[in-house]
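Residue-level structure breakdown
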Amino acid sequence: MHTARKLGMRTIAVYSEADTNALHVKTADEAVYIGASPSIKSYLNIDNLISAIDQSGADAVHPGYGFLSEKENFARAVMERTNAAWVGPSPEAIRLMGDKIESKKIAVAAGVNGVPGLLEAIADPKEAKRIANEIGYPVIIKAAAGGGGKGMRVVRSDAELEDGMKMATSEARSSFNDARVFIEKYFDNPRHIEIQVLADKYGNVVSLGERECSIQRRHQKVIEEAPSMFVTPEMRAAMSEQAVALARKVGYHSAGTVEFIVDQSGKFYFLEMNTRLQVEHRVTELITGIDLVEQMIRIAAGERLPFTQDDVKFNGWAFESRIYAEDPKRGFLPSTGRVVKYQEPEKKPGTLMDTSIYEGGEVSMFYDPMIGKYCTHAPTRDQAIDLMVNQLGDFMIQG
């Protein structure tokens, strides 16, 4: 919304019952109610969203980074059933990259390093055992339609395999309505490094460098930084080259992120492509000075990228800390209810806060417990860390 305003555009929010008083609703120029609190009745309801687009007369739709943001059928519905522009990649690119098995096959065809494993869905435990022994334990069983750590099981022996298959299949079915799973090599203590790409509709693709997202809990990122202290200039160039090649292979346009798993020796392997804006896009913006949302909007409007790969320069170091409403005393379970005290740290140069809450507002039981993300940017990594530690210490959130 801040970026749209900067570009002279009016903003329209959609909201569910639980979000009636949410910050995004208060911030927008206009807001349209789209249904009851459960996401299936509101944020995941394509018909309600389409009618909100029609009702408001919106001429562009930015899908954000949750709910339907990576669903091909939503992108297609916006393009076919409304007059609004879709601020994102084509439905076809979303489809190809959204299937974990299909995307890995395309990546290998584009010359991208693939994780050792079988690029086919597997349902037979005997066959699974044979594949696992061929790859070598530990292996990971993954949902073909997965994401967000759902439908994943790490298996370290034949004895654990059958149960692992059952659990991953069942979770995949309930989370994604798609029970297919596949098997690949699991790396202990890997690094999770991703490359941000931007592509216009005229075949121009650039890499904006890497983000390191290795600090995770339950396969969910908690701390992200850019650049990565682990990545050498040669490694960055090689990863960027492969990420750009993959984007070209699927005719990608808009912002996208190619995620890699990296072993301790620096060998990197393709994990997946996220066909949307990432939560952690801010750290890339801070070190490059490029507003990714602005570029997404301009690309959707048919503009060319205003810079080439040679124009992309990195300045300093940036960190993002995700702020969660969770209770550490109860195994980090989501903690919901009224926010009775909310005080952000004093605004300082190189700091940035994106949040969904305010004092007196409410953390809903219906959605993700992430309530904000705090970023710091400084000339060196140590300075960015010190600034983050000091600022987080001044945060006050109670309720």
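What you are looking at is a predicted structure, and each value in this text was computed from that prediction instead of being measured.

Per the counting criterion, the structure on display carries one cavity of 30 Å³ or more. Reported here for the largest cavity is a volume of approximately 30 Å³. Every residue along the wall of the largest cavity is listed here: P63, G64, S69, W86, V87, G88, P89, T275, R276, L277 and M296. For the lining of the largest cavity, the class distribution of residues is six nonpolar, four polar and one charged.

Further remarks concern the pattern of salt bridges. Using the criterion set out here, one finds 35 salt bridges in the structure. Taking the shortest distance from any N to any O, the salt bridge between R276 and E70 comes out at 2.8 Å. On the criterion of sequence distance, the pair formed by R276 in the loop between strand 12 (268-274) and helix 10 (281-288) and E70 in the loop between strand 3 (60-61) and helix 4 (72-81) is long-range, its members being 206 residues apart. According to the relative accessible area criterion, R276 is buried, its value standing at 15%. Look at E70 and you get partly exposed, because its relative accessible area is 26%.

The omega angle of the peptide bond from Y137 to P138 is -5°, so this bond is cis rather than trans. Looking at the secondary structure, you find P138 in the loop between helix 7 (125-135) and strand 5 (139-143). With omega at -5°, the peptide bond leading from A226 into P227 counts as cis. Within the fold, P227 resides in the loop between strand 10 (220-226) and helix 9 (233-249). Unlike most non-glycine residues, F67 shows phi in positive territory, near 50°.

Moving on, we come to the sheet that holds strand 10. Spatially, 12-11-8-9-10-13-20-18 is the arrangement adopted by the eight strands of the open sheet, whose pairing is antiparallel. Among the strands making up the open sheet, the edge pair consists of strand 12 and strand 18 (351-355). Looking at each pair of strands side by side, their axes are set apart by 25° on average, direction ignored. Of the strand pairs in this sheet, strand 8 (residues 191-199) and strand 9 (residues 205-217) are connected by six bridges, and their pairing is antiparallel. When the sheet's bridge partners are listed, I193 is paired in strand 9 with E212.

Pairing in this open sheet of three strands is antiparallel, and the strands run 6-5-7 from one edge to the other. Each of the sheet's edge strands pairs with one partner strand only, and the pair in question is strand 6 (152-155) and strand 7 (181-185). Neighbour-to-neighbour, the strand axes of this sheet turn through a mean angle of 20°, independent of strand direction. As judged from the five bridges shared by strand 5 and strand 7, these two strands associate in the antiparallel manner. Bridging across to strand 7, A143 finds its partner in V181.

Disulfide: a covalent bond formed between the sulfur atoms of two cysteine residues. The tally for this structure, following the rule as stated, stands at zero disulfides. The cysteine C213 is free of any disulfide, with C375 supplying the nearest cysteine sulfur at 12 Å. With a relative accessible area of 1%, C375 lands in the buried category.

Looking now at a nonpolar patch on the surface. Taken together, the side chains of I40, L44 and F67 make up a nonpolar region of the molecular surface, amounting to roughly 280 Å² of accessible area. Note on placement: L44 falls in the loop between strand 2 (30-33) and helix 3 (46-56).

What follows is about the nonpolar core. Grouped together as the largest cluster of nonpolar side chains are 27 residues, with contacts concentrated most on M239, L246, F260, F270 and M273. Put simply, the parts of the chain that give this core at least two residues each are helix 5 (91-98), helix 6 (100-109), strand 8, helix 9, strand 11 (254-262) and strand 12. With six residues, the single largest contributor to this core is helix 9. Leave out the neighbours within four places in its chain, and M239 touches I193, I195, F260, V262 and F268.

The next thing to look at is helix 10. Taking burial as the measure, the eight residues of helix 10 include seven buried ones, the bulk of the element. Residues H281, R282, V283, T284, E285, I287 and T288 constitute the buried set of helix 10. G289 lies just past helix 10 and shows a positive phi near 75°.

With that settled, consider the packing of aromatic side chains. Summed over all chains, the structure comprises 10 aromatic pairs. On the numbers, 4.9 Å between centres and 15° between planes, the contact of Y43 with F67 is stacked. You can see Y43 sitting in the loop between strand 2 and helix 3 and its partner F67 sitting in the loop between strand 3 and helix 4, a full 24 residues away along the chain. With relative accessibility at 9%, the residue Y43 sits in the buried group. Residue classification places F67 among the partly exposed residues on the basis of a relative accessible area of 42%. Considering the side-chain rings of F366 and Y367, the 6.2 Å spacing of their centres and the 50° angle between planes classify their relative orientation as tilted. Aromatic ring contacts, followed pair by pair, group Y43, F67, F366 and Y367 into a single cluster. It is R217 that lies over the ring of Y324; its NZ or CZ is 5.7 Å from the centre. In this structure, R304 packs its charged tip against the face of Y202, placed 4.2 Å from the ring centre.

A few words now on the pairing of strand 1 (residues 12-15). Residues of strand 1 alternate between two faces, with A13 and Y15 buried on one and I12 and V14 left unburied on the opposite face. Taken together, the four bridges between strand 1 and strand 2 define a ladder with parallel strand orientation. From the neighbouring strand, V14 faces strand 2, where its bridge partner is V32.

Thresholds applied
Residues numbered from 1 in each chain as written. Predicted model: local features only at pLDDT ≥ 70, side-chain atom pairs only at ≥ 80, totals over all residues. Heavy atoms only, no water. 1 Å grid on protein atoms, 1.4 Å probe; cavity = no way out; pocket = protein on both sides within 12 Å on 5 of 7 lines; lining within 4 Å. Points joined across faces, edges and corners; volume = space filled by probe spheres on them. Nonpolar A, V, L, I, M, F, W, Y, C, P; charged D, E, K, R; others polar. Salt bridge = Lys/Arg side-chain N within 4 Å of Asp/Glu carboxyl O. Helix = DSSP H or I, 4+ residues; strand = E, 2+ residues; numbered from the N terminus. Buried < 20%, exposed > 50% of the residue type's maximum accessible area, 1.4 Å probe, protein only. Pairing = 2+ DSSP bridges. Axes fitted to C-alpha atoms, helices over the stretch in contact; angles between N-to-C directions. Disulfide = S-S within 2.5 Å. Patch = residues over 30% accessible without salt bridge, like charges linked within 9 Å, V, L, I, M, F, W, Y side chains within 5 Å. Areas by Shrake-Rupley, 256 points an atom, 1.4 Å probe, with all protein chains shown as cover. Core = buried A, V, L, I, M, F, W, Y, C linked by side-chain atoms within 4.5 Å. Contact = heavy atoms within 4.5 Å. Phe/Tyr/Trp six-rings, centres within 6.5 Å; stacked < 30°, edge-to-face > 60°. Lys NZ or Arg CZ within 6 Å of the ring centre and 35° of its normal.

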